[in-house]
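Single-letter residue listing:
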Amino acid sequence: MYNGGVAGLTFWSPNVNILRDPRWGRGQETPGEDPLVVGRYAASYVRGLQGNDGNRLKVAACCKHFTAYDLDNWNGVDRFHFNARVSKQDMEETFDVPFKMCVKEGKVASVMCSYNQVNGVPTCADPNLLKKTVRAQWRLDGYIVSDCDSVGVFYDSQHYTSTPEEAAADAIKAGLDLDCGPFLGVHSEEAVKKGLLKEVDINNALVNTVTVQMRLGMFDDNAAGSSSSYARLGPKDVCSPAHQDLALEAATQGIVLLKNHGPSLPLSTRRHRTLAVIGPNSDATLTMIGNYAGVACGYTTPLQGLGKYASSTLHQPGCADVACANDTLFGAAIDAARQADATVLVMGLDQSIEAEFRDRVGLLLPGRQQDLVSKVAAASKGPTVLVLMSGGPIDVSFANNDPRIGGILWAGYPGQAGGTAIARVLFGTTNPGGKLPMTWYPQEYLRNLAMTAMEMRSSPSKGYPGRTYRFYKGPVVYPFGHGLSYTKFVQTIPNNVPTVTVVSIALDGRHHTTSLNKTTTTTINDSSSYGKAIRVTHAKCSKLSVGLDVDVRNVGNRDGSHTLLVLSSPPRQGGWAPPHKQLVAFEKVYVPANTQRRVRINIHVCKHLSVVDGSGIRRIPMGRHKLHIGDLMHSVSLQPATL
């Protein structure tokens with residue numbers, strides 16, 4: 001079908017970079033700040049795009065941008081000139097995790113290298129990243145592509161090589177197979193003539209790209225009657241009712257209820273017949289699909305969605321746009337709130353505030369938005385609800401602390417059906433179950449925090465706060481994983497589960513002749529009782545997992561979905577500074593009102609209970625690991641097996 005002639009069969013998606021800094025303009029493209037969440041998303045996204053027809057591809061996906069890429073244009077530093085200085089520890093523990101899962105578990109057909117340098121070397125010219133890691137260690141079955149004109153960027157902007165031929169040779173020898181742009185096409189032949197590159201290197205790159213084309217069926221006879229199910233797809237298969245239902249389901253599940261004071265939500269079609277719908281995003285269309293989206297089948301704006309529940313709506317934008325430069329339109333908005341039974345403010349950001357090549361300046365609502373929200377809430381006759389559209393977090397402490405604002409929802413950029421999804425949640429047709437995939441920091445968090453500082457761990461002596469919930473301990477507006485419901489869930493561990501699960505870590509037979517104390521384990525702090533740690537590569541990891549049952553009971557009167565978040569606190573290690581807590585498992589379960597469901601959690605010991613030392617080596621700390629499931633705590637004691 002080639003997508004009706006308007007697109008190819010290769011999609012350079014998904015973006016699986018970690019949302020390290022809340023100001024990043026492309027955070028909207030990513031699934032958040034946690035490596036496990038992003039990795040699970042990456043593998044699932046890729047399998048959805050590529051299909052499940054063996055080696056045959058429906059379309060070819062691409063995980064990007066490899067690696068440590070999360071700055072576009074901040075304070076005079078742009079992505080074309082940025083050298084990300086990253087420790088081996090942070091690379092192994094954070095930045096590379098989603099890409100490894102994307103390749104090994106998602107079986108992605110492509111990986112894209114990024115514009116930036118990592119520790120002085122452009123990623124598209126680094127054989128340690130491309131040939132050694134992606135190709136050799138992770139066993140990529142596909143091709144490696146540059147971000148558009150990345151090779152030209154490291155020659156022209158970064159001046160990494162003296163000649164364009166050297167740049168072409170460095171990229172191809174590092175493992176780059178395909179150039180998005182003309183650079184390799186223009187300069188590779190001359191690189192061969194000058195002896196900088198061998199023809200076999202180009203042939204190897206062609207093998208990797210042409211093989212993916214073959215897997216896509218581009219050389220098949222796709223005439224009428226072809227046996228390929230993909231060949232029979234056409235425009236008739238786009239925007240089907242099932243697809244539009246899925247868009248609504250995705251938008252609805254993605255909404256996070258941040259605050260429900262009173263409770264003020266859900267609204268009532270009987271009591272709240274007249275709605276004031278206010279804000280620069282209240283009648284949004286294109287804003288709802290964010291960036292890098294296809295053509296929507298149609299749009300339902302928040303105003304249209306809410307209009308299906310209310311007898312009448314009083315619509316006032318309040319601000320001319322999200323920049324909200326003045327208060328000219330405030331008066332009409334305040335008057336509408338005075339007249340209505342309930343007020344819904346749809347505020348937030350759009351691509352003029354956060355976008356590719358546009359990092360945010362701060363975390364507050366732009367311009368006079370906060371002023372509008374407070375004044376409308378003070379004047380509102382009925383309950384006031386704040387709905388936020390944004391990709392990144394916003395400091396809305398003022399609204400969270402304002403008793404006049406009864407509810408706050410985060411809708412992200414909810415897509416074509418966003419207005420319907422918002423209305424369904426606000427009026428209780430759907431019980432919200434979304435959780436925040438990133439920490440929402442106060443504006444104060446950014447004080448003296450450069451986006452260029454790549455360290456994940458905090459450094460109190462330097463005044464460095466650390467990044468993400470794993471390493472930051474300061475005040476937050478809303479924590480990672482926060483999200484309310486219209487019902488109440490109670491989690492318990494069954495009585496027959498022991499308080500401590502003991503797991504014996506057997507050593508791989510290849511290391512049985514070495515001394516356990518000298519080689520296989522590392523003493524973390526000889527003067528302490530913290531114990532030892534076994535290198536993951538020295539352990540028998542296959543089928544080494546911890547199983548735990550958790551009962552989830554819905555004690556409210558509404559059906560709903562609940563997400564179990566299981567976080568681990570490893571034994572504290574001298575000098576290693578492991579995460580305070582690390583998400584090791586998550587499961588979503590639908591529980592009807594007044595019923596209970598048992599959820600089985602499986603935690604792979606080597607993957608999820610290991611930590612990374614200062615040299616970038618992943619090890620399994622011996623001793624007691626504490627698993628946190630909401631208010632519950634369960635211990636897992638890891639012990640080395642006796643040789």
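Residues numbered from 1 in each chain as written. Predicted model: local features only at pLDDT ≥ 70, side-chain atom pairs only at ≥ 80, totals over all residues. Heavy atoms only, no water.

Where an unreviewed UniProt entry is consulted, the chain appears under the name Fibronectin type III-like domain-containing protein, with the organism given as Prunus persica.

K.L.:
Quick question: what am I supposed to make of the packing of aromatic side chains here?
P.N.:
Pairs of aromatic rings are described using the distance from one ring centre to the other and the angle between the two planes. According to the stated counting rule, one finds 15 aromatic pairs in the structure shown. Look at Trp-410 and Trp-440: their rings are 5.7 Å apart centre to centre, the planes differ by 80°, and that puts the pair in the edge-to-face class. A residue pair is termed long-range when its members are at least 10 positions apart, and Trp-410 in strand β14 (residues 405-410) and Trp-440 in the loop between α14 (418-426) and α15 (468-471) qualify at 30 residues. Judged on exposure class, the residue Trp-410 and its partner Trp-440 are both buried. Above the face of the Phe-586 ring, Arg-40 is positioned so that its terminal group lies 4.2 Å from the ring centre. In this structure, Lys-64 packs its charged tip against the face of Tyr-292, placed 4.9 Å from the ring centre. (Phe/Tyr/Trp six-rings, centres within 6.5 Å; stacked < 30°, edge-to-face > 60°. Helix = DSSP H or I, 4+ residues; strand = E, 2+ residues; numbered from the N terminus. Buried < 20%, exposed > 50% of the residue type's maximum accessible area, 1.4 Å probe, protein only. Lys NZ or Arg CZ within 6 Å of the ring centre and 35° of its normal.)

K.L.:
Sorry if this is basic, but what is going on with the nonpolar core here?
P.N.:
Counting 83 residues, the largest nonpolar core has Leu-386, Val-387, Leu-388, Val-396, Leu-426 and Trp-440 as the members making the most contacts within it. Inspection of this core shows a minimum of three residues originating in each of domain 1 (3-216) and domain 2 (239-462). Leaving out residues up to four positions away in the same chain, Leu-386 has contacts with Leu-345, Met-347, Val-373, Ala-399, Ile-405, Gly-407, Ile-408 and Leu-409. (Core = buried A, V, L, I, M, F, W, Y, C linked by side-chain atoms within 4.5 Å. Domains from an automatic or database assignment. Contact = heavy atoms within 4.5 Å.)

K.L.:
Got a minute to help me understand the sheet that holds strand β19 (residues 545-554) in this structure?
P.N.:
The strands making up a sheet are joined through hydrogen bonds of the backbone, oriented either antiparallel or parallel. Read from one edge of the open sheet, three strands run β15-β19-β22, paired in antiparallel fashion. What marks the edges here is a single partner per strand, and that holds for β15 (489-492) and β22 (596-604). Taken over all neighbouring pairs, the strand axes of this sheet differ in orientation by 30° on average, direction set aside. In this sheet, β22 lies alongside β19 in antiparallel orientation, the contact comprising nine bridges. (Pairing = 2+ DSSP bridges. Axes fitted to C-alpha atoms, helices over the stretch in contact; angles between N-to-C directions.)

K.L.:
How do you make sense of the pattern of salt bridges when you look at a structure like this?
P.N.:
Once the charged atoms of two side chains with opposite charge are near each other, the side chains can pair. In this structure the tally under the stated criterion is 26 salt bridges. A salt bridge links Arg-135 to Asp-177; the shortest N-O distance between them is 2.7 Å. Here Asp-177 lies in the loop between α6 (164-174) and α7 (183-193) and Arg-135 lies in helix α4 (residues 128-137), a separation of 42 residues in the sequence. The residue Arg-368 makes a salt bridge to Asp-327 at a minimum N-O spacing of 3.7 Å. Taken together, the residues span a long stretch of sequence, with Arg-368 in the loop between β12 (342-348) and α12 (369-379) and Asp-327 in the loop between β11 (312-316) and α11 (330-339) at a distance of 41 residues. Of the residues examined, Asp-327 reaches a relative accessible area of 37% and is grouped as partly exposed. (Salt bridge = Lys/Arg side-chain N within 4 Å of Asp/Glu carboxyl O.)

K.L.:
Help me understand α6, please; the structure alone is not making it clear to me.
P.N.:
Within α6, eight of the eleven residues are buried, which leaves it mostly tucked inside the rest of the structure. Taken as a whole, α6 has its buried residues at Pro-164, Glu-165, Ala-167, Ala-168, Ala-169, Ala-171, Ile-172 and Ala-174. Looking at the buried positions of α6, the neighbouring elements they touch are α4, α5 (150-156), α7 and α8 (199-215). One or two steps after α6, the chain reaches Gly-175, where phi turns positive at roughly 125°.

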